[in-house]
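Single-letter residue listing:
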Amino acid sequence: SAVISQKPSRDICQRGTSLTIQCQVDSQVTMMFWYRQQPGQSLTLIATANQGSEATYESGFVIDKFPISRPNLTFSTLTVSNMSPEDSSIYLCSVEGSWGGYTFGSGTRLTVV
Amino acid sequence: TQLLEQSPQFLSIQEGENLTVYCNSSSVFSSLQWYRQEPGEGPVLLVTVVTGGEVKKLKRLTFQFGDARKDSSLHITAAQPGDTGLYLCAGEMGNTGTASKLTFGTGTRLQVTL
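All of the points below concern the structure found in this document. (Residues numbered from 1 in each chain as written. Chains lettered and ligands numbered in written order. Predicted model: local features only at pLDDT ≥ 70, side-chain atom pairs only at ≥ 80, totals over all residues. Heavy atoms only, no water.)

Topic: the overall build of chain A
Turning to step 1, where the next piece is worked out: Helix and strand counts for chain A come out as zero helices and 11 strands.
Turning to step 2, where the next piece is worked out: For chain A, the succession of helices and strands along the chain, N to C, is β-β-β-β-β-β-β-β-β-β-β.
Turning to step 3, where the next piece is worked out: Counting only C-alpha atoms, chain A reaches 40 × 25 × 25 Å along its principal axes.
Turning to step 4, where the next piece is worked out: For chain A, buried positions account for 50% of its 113 residues. (Helix = DSSP H or I, 4+ residues; strand = E, 2+ residues; numbered from the N terminus. Buried < 20%, exposed > 50% of the residue type's maximum accessible area, 1.4 Å probe, protein only.)

Digging into the overall build of chain B
Turning to step 1, where the next piece is worked out: Looking only at helices and strands, chain B features zero helices and 11 strands.
Turning to step 2, where the next piece is worked out: Ordered by position in the sequence, the α and β elements of chain B form the string β-β-β-β-β-β-β-β-β-β-β.
Turning to step 3, where the next piece is worked out: A globule of 114 residues ought to have a C-alpha radius of gyration of about 13 Å, and chain B, at 14 Å, matches this closely.
Turning to step 4, where the next piece is worked out: Each of the three principal axes of chain B carries a C-alpha extent, and together these read 45 × 30 × 25 Å.
Turning to step 5, where the next piece is worked out: Taking the intrachain contacts of chain B between residues at least 6 apart in sequence as the baseline, contacts between residues at least 24 apart amount to 55%.
Turning to step 6, where the next piece is worked out: For chain B, the computed accessible surface area is about 5,600 Å², with 49% contributed by carbon and sulfur atoms.
Turning to step 7, where the next piece is worked out: Chain B carries 9 positive and 10 negative side-chain charges, and their two centres are separated by 5 Å. (Rg over C-alpha atoms; globule rule 2.2 N^0.38 Å. Contact = heavy atoms within 4.5 Å. Areas by Shrake-Rupley, 256 points an atom, 1.4 Å probe, with all protein chains shown as cover. Lys, Arg positive; Asp, Glu negative; His and termini not counted. Charge placed at Lys NZ, Arg CZ, Asp CG, Glu CD.)

Things to note about the sheet that holds strand 3 (residues 19–24) of chain B
All names here are of chain B.
Turning to step 1, where the next piece is worked out: A sheet is described by the order of its strands in space; here five strands give the open sequence 1-3-8-7-6, paired in antiparallel fashion. Each edge of the open sheet carries a strand with a single partner, namely strand 1 (5–7) and strand 6 (55–58). With strand direction ignored, the average angle separating the axes of adjacent strands in the sheet is 15°.
Turning to step 2, where the next piece is worked out: Sheet topology places strand 7 (residues 61–65) next to strand 8 (residues 71–76); five bridges connect them, and they run antiparallel. Its bridge partner lying in strand 8, Thr62 is registered against His75. (Pairing = 2+ DSSP bridges. Axes fitted to C-alpha atoms, helices over the stretch in contact; angles between N-to-C directions.)

Remarks on the sheet that holds strand 7 (residues 68–72) of chain A
Residue and element names in this part refer to chain A.
Turning to step 1, where the next piece is worked out: The sheet built from four strands is open, its strands ordered 1-3-8-7 with antiparallel pairing. Unpaired on one side and paired on the other, strand 1 (4–7) and strand 7 mark the two borders of the sheet. Across this sheet, the average inter-strand angle for adjacent strands is 15°, counted without regard to direction.
Turning to step 2, where the next piece is worked out: The pairing of strand 7 with strand 8 (residues 75–80) spans three bridges and is antiparallel. Note on strand 8: the bridge partner recorded for Ser69 is Thr77.

Observations regarding the nonpolar core
Turning to step 1, where the next piece is worked out: Membership of the largest hydrophobic core comes to 26 residues, with the highest contact counts inside it found for A:Trp34, A:Ile46, A:Phe66, A:Ile68, A:Leu78, A:Tyr91 and A:Leu110.
Turning to step 2, where the next piece is worked out: For A:Leu78, the contacting residues outside a window of four places in its chain are A:Leu19, A:Thr20, A:Ile21, A:Trp34, A:Ile46, A:Phe66, A:Pro67, A:Ile68 and A:Tyr91.
Turning to step 3, where the next piece is worked out: Grouped together as the second largest cluster of nonpolar side chains are 21 residues, B:Leu19, B:Trp34, B:Tyr87 and B:Val112 included. (Core = buried A, V, L, I, M, F, W, Y, C linked by side-chain atoms within 4.5 Å.)

Thoughts on the interface of chain B and chain A
Turning to step 1, where the next piece is worked out: The interface is formed by 21 residues belonging to chain B together with 19 residues belonging to chain A.
Turning to step 2, where the next piece is worked out: When chain B packs against chain A, close to 1,500 Å² is buried across both sides, 53% of that on carbon and sulfur atoms.
Turning to step 3, where the next piece is worked out: The interface formed by chain B and chain A holds zero salt bridges in total.
Turning to step 4, where the next piece is worked out: The tally of links between chain B and chain A comes to four residue pairs in polar contact (both at pLDDT 80 or more).
Turning to step 5, where the next piece is worked out: Put simply, the parts of the chain that give the side of chain B that touches chain A at least two residues each are strand 4 (31–37), strand 5 (44–49), strand 9 (85–92) and strand 10 (102–104) of chain B.
Turning to step 6, where the next piece is worked out: Of the residues that constitute the side of chain B that touches chain A, the class distribution is eight nonpolar, nine polar and four charged. (Buried area = accessible area lost by both parts, 1.4 Å probe. Salt bridge = Lys/Arg side-chain N within 4 Å of Asp/Glu carboxyl O. Polar contact = N/O pair within 3.5 Å; in protein donor to acceptor, adjacent residues only side chain to side chain. Nonpolar A, V, L, I, M, F, W, Y, C, P; charged D, E, K, R; others polar.)

Re the pattern of salt bridges
Where charged atoms from two side chains of opposite charge come close, those side chains can pair.
Residue and element names in this part refer to chain B.
Turning to step 1, where the next piece is worked out: Within this structure, the stated rule accounts for four salt bridges over all chains.
Turning to step 2, where the next piece is worked out: Lys56 is paired through a salt bridge with Glu54; the nearest N and O atoms lie 3.8 Å apart.
Turning to step 3, where the next piece is worked out: Among the salt bridges present, the one from Asp83 reaches Arg60, with a minimum N-O distance of 2.9 Å. With Asp83 in the loop between strand 8 and strand 9 and Arg60 in the loop between strand 6 and strand 7, the pair connects residues that are 23 residues apart, well separated along the chain.

What about the packing of aromatic side chains?
Turning to step 1, where the next piece is worked out: Inspection of every chain in the model, using the stated rule, returns eight aromatic pairs over all chains.
Turning to step 2, where the next piece is worked out: Relative to A:Phe66, the ring of A:Phe61 has its centre 5.6 Å away and its plane inclined at 65°; by these criteria the two rings are edge-to-face.
Turning to step 3, where the next piece is worked out: Each residue in the set A:Tyr35, A:Phe104, B:Tyr35 and B:Phe104 is aromatic and connected to the rest through ring pairs, giving one cluster. (Phe/Tyr/Trp six-rings, centres within 6.5 Å; stacked < 30°, edge-to-face > 60°.)

Here's what the structure looks like:
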């Protein structure tokens, strides 16, 4: 199964600033997925990132707020822009495994103050 | 709108007890997956079920996919403290063999005490 390295694992940021989260996969994958997990809640898909094309965003998420880069088949970044306390969440990246399930990074716990 | 509703939301039981978690939807899924998430970690896949009526067993865990592929259940026998965590069902809509997005359930937080 793929191994994902996600960083940072946590950060505390000032409102109005931006944070970029990185995910590195140890194998080439076509699609990478970015999720948000608000405190005590389940996961919500933010966007799907394909290499060589613009990310596809889910309803309620926009590129200006969550720009995504996908420069190659093993790497992606998600930026949380102009942060407010409401953006405090865990952000996770994910890829599909060959066995039909998905592998997740360990998450980035973001606190905006 | 949450497509997958899990029940119960919270469950606190003692070691040795049995429990069942339910995952229900009005939508049909091509596959249904169950994950467990521990604090500070991402979800870890427990099982994938793809056939209506399918039952899979993983040691003390039994997973069932509904005949209509709209619902699923997870049964744990003789729960242990190591079973503590957030259990998430996730449905996938799409063709088998192609990556498609997951829709996660509302989650069930399980605590098993000695």
